[in-house]
Amino acid sequence: MRREVCDEVRILQERFDGVIRRWIDGYAEGGGRVHCGRGCSACCSLTVNCTFTEAVRVADVISDLQAAAVAGHVARLRQLLPRARDLTGWLRLHRREAGYCPFLDHDGACGVYAVRPFSCRALLATRESRWCGADFSELSSEEKRGFVESLDRSVVAFPMHYVAATRDLGEELEQRAALTLMARFSFSLYGSFPILVHLEREHRLSDLLPRGADAVRHLLEREGLFHPFLAAIHD
Ligand code: SF4
């Protein structure tokens, strides 16, 4: 079972990569430019969510060193959580204080590139990297206006500079992965990427799936991670 659901996600991710490559090439032919590349990691300070199956694929391949970095990151998220009043506040707090994704290498490359989640694959920036990590609440109205006017509205998820088509397809594929879990276990699990990886790596969460949503909820509660900003069980 575990292998089957993971293989399904792997196939979807490989196909998605092909779609993304073709999209970037087509955009370049028309004079457009996607600024993402190796060593460019500004978006890796943002919150990353994924389906549980995507996290299992990552938990299966990381080193002990990476697992330790994930554990440290999860501890930081636990500490930050009580200070978040709402989702917007949580996302801002996360960007400012949680630090970069624990899978980011010292040279700024993704340490789990081949198995990274849909949401990382889907994020294509049509403007320079400084805009990916920017806190727009700190920009002047002139800067914001300049940014908005520079956007290629035919492709971006306005008012962001990320490509809408790949973002939407990434969300659709996440849904498919969630439906596979739902079909097998009558519930699905979605949430913070590092937290789900941590729960699989340290607590073998996948073994609890056949025991139902309550068993998963119990583990999340026991670990102090049962919170809508961190993980959601759909049953
Ligand atoms: S998984 Fe890789 S691409 Fe995604 S946020 Fe982490 S380091 Fe960045």
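Details of the structure are given in the entry above.
Heads up: these notes are all about the structure in this document. (Residues numbered from 1 in each chain as written. Predicted model: local features only at pLDDT ≥ 70, side-chain atom pairs only at ≥ 80, totals over all residues. Heavy atoms only, no water.)

Concerning the overall build of the protein chain
What counts here: Under the scheme used here, helices are H or I runs from DSSP no shorter than 4 residues and strands are E runs no shorter than 2 residues, and both carry numbers assigned from the N terminus. Working definition: with a 1.4 Å probe on protein chains only, accessible area under 20% of the residue-type maximum means buried, over 50% means exposed, and in between means partly exposed. Method for areas: the Shrake-Rupley scheme with a 1.4 Å probe, in which residue coverage is limited to the protein chains shown. In this count, Lys and Arg are taken as positive residues and Asp and Glu as negative ones, while His and the chain termini are left out. Note on charges: their place is set at NZ of Lys, CZ of Arg, CG of Asp or CD of Glu.
Of regular secondary structure, the protein chain possesses nine helices and three strands. Secondary structure elements of the protein chain, listed N to C terminal, follow the sequence α-β-α-α-α-α-α-α-β-α-α-β. Taken along the three principal axes of its C-alpha coordinates, the protein chain extends 50 × 40 × 35 Å. Put simply, the protein chain has 235 residues, and 47% of those count as buried. Within the structure as shown, the protein chain displays about 12,300 Å² of accessible surface, and the carbon and sulfur contribution to it stands at 50%. On the protein chain, the mean spot of the 31 positive side-chain charges and the mean spot of the 32 negative ones are 1 Å from each other.

As for the site of the ligand
For clarity, the threshold we go by: A molecule or strand has a residue near it when one of that residue's heavy atoms lies within 4 Å. Polar here means any residue other than Ala, Val, Leu, Ile, Met, Phe, Trp, Tyr, Cys and Pro, which are nonpolar, and Asp, Glu, Lys and Arg, which are charged; Gly is therefore polar.
Near the ligand, the surroundings consist of C44, V48, C101, L104, C110, V112, C120 and F193. Here the shell around the ligand is composed, by residue class, of eight nonpolar, no polar and no charged.

Quick look at the packing of aromatic side chains
Aromatic ring pairs are defined here through the distance separating the ring centres and the angle between the ring planes. Stated formally: Aromatic pairs are defined between Phe, Tyr and Trp rings, using the six-membered ring for Trp, whenever the two ring centres lie within 6.5 Å; interplanar angles under 30 degrees are classed as stacked, those over 60 as edge-to-face, and all others as tilted. Cation placement over rings: the criterion is NZ of Lys or CZ of Arg within 6 Å of the ring centroid and within 35° of the ring normal.
Per the counting criterion, the structure on display carries eight aromatic pairs. Between W131 and F136, the ring centres sit 6.0 Å apart and the planes meet at 35°, which makes this aromatic pair tilted. Just above the ring of Y113 sits the side chain of R116; from NZ or CZ to the centre is 3.8 Å.

A word on the sheet that holds strand β1 (residues 49-51)
Under the convention used in this document: By the convention used here, strands pair only if DSSP detects at least 2 bridges between them. Angular values range over 0 to 180 degrees, each being the angle between N-to-C directions of two axes fitted as lines to C-alpha atoms, with helices fitted over their stretch in contact.
Pairing within the open sheet is antiparallel, and its three strands lie in the order β1-β2-β3. Looking along the sheet, the strands with just one partner apiece sit at the ends: β1 and β3 (231-234). Adjacent strand axes in the sheet meet at a mean angle of 15°, parallel and antiparallel pairs treated alike. Alignment of β1 against strand β2 (residues 188-192), held across three bridges, turns out to be antiparallel. Residue pairing across strands places N49 opposite S192, the latter belonging to β2.

Overview of the nonpolar core
Put simply, the rule is: Put simply, buried Ala, Val, Leu, Ile, Met, Phe, Trp, Tyr and Cys residues joined by side-chain atoms within 4.5 Å make one nonpolar core. Residues are treated as being in contact if the distance between any of their heavy atoms lies within 4.5 Å.
If you look at the biggest cluster of nonpolar residues, it comprises 45 residues, and the most contacted ones within it are W90, F103 and V216. Elements supplying a minimum of two residues to this core: α2 (52-59), α3 (64-80), α4 (87-98), α7 (164-185), α8 (193-203), α9 (213-222) and β3. Filtering out sequence-adjacent residues up to four positions away, F103 remains in contact with V58, I62, Q66, V70, A109, C110, G111, V112, F193 and V197. In this structure, F118, L151, V156 and V163 belong to the second largest nonpolar core, which totals 20 residues.

Brief notes about the pairing of β3
Burial along β3 is one-sided: the residues A231 and I233 are buried and none of A232 and H234 is. One ladder, built from four bridges, connects β2 with β3; its direction is antiparallel. Each residue of the ladder has a partner; that of G191, found in β3, is A231.

Remarks on the packing of α3 against α4
How we decide: Working definition: roughly parallel below 35 degrees, roughly antiparallel above 145 degrees, roughly perpendicular at 65 to 115 degrees, and oblique for all remaining angles. In this scheme the crossing of two helices becomes right-handed for a clockwise turn of the near helix relative to the far one and left-handed for an anticlockwise turn of less than a right angle.
The interhelical angle for the contact between α3 and α4, taken along N-to-C directions, is 135°, at an axis separation of 11 Å. For the element pair α3 / α4, the angle class is oblique. Crossing hand, α3 versus α4: right-handed. Across the interface between the two elements, H73, R76, L77 and L80 from α3 touch W90, L93, H94, E97 and A98 from α4. Looking at side-chain class alone, the contact of α3 with α4 contains five nonpolar, two polar and two charged residues.

With respect to the side chain of Q13
With respect to the secondary-structure elements, Q13 resides in helix α1 (residues 2-29). Contact partners of Q13, with chain neighbours within four places excluded, come to E54, R57, V115, R116, P117, F118 and R121.

Overview of α8
Where burial is concerned, most of α8 is hidden: eight out of the eleven residues are buried. Every buried residue of α8 is listed here: F193, P194, I195, L196, V197, H198, L199 and E200. Residues of α8 that are buried make contact with α1, β1, α2, α3, β2 and α9. Phi turns positive one or two residues past the end of α8, at R204, with a value near 50°.

Some details on the packing of α3 against α8
The geometry of α3 relative to α8 is characterised by a closest axis approach of 9 Å and an angle of 125° between their N-to-C directions. The pairing of α3 with α8 is recorded here as oblique in orientation. Here α3 runs over α8; the crossing is left-handed. Touching D64, A67, V70, A71, H73, V74 and L77 of α3 are P194, I195, H198, R201 and E202, all from α8. Considered class by class, the residues forming the contact of α3 with α8 number seven nonpolar, two polar and three charged.

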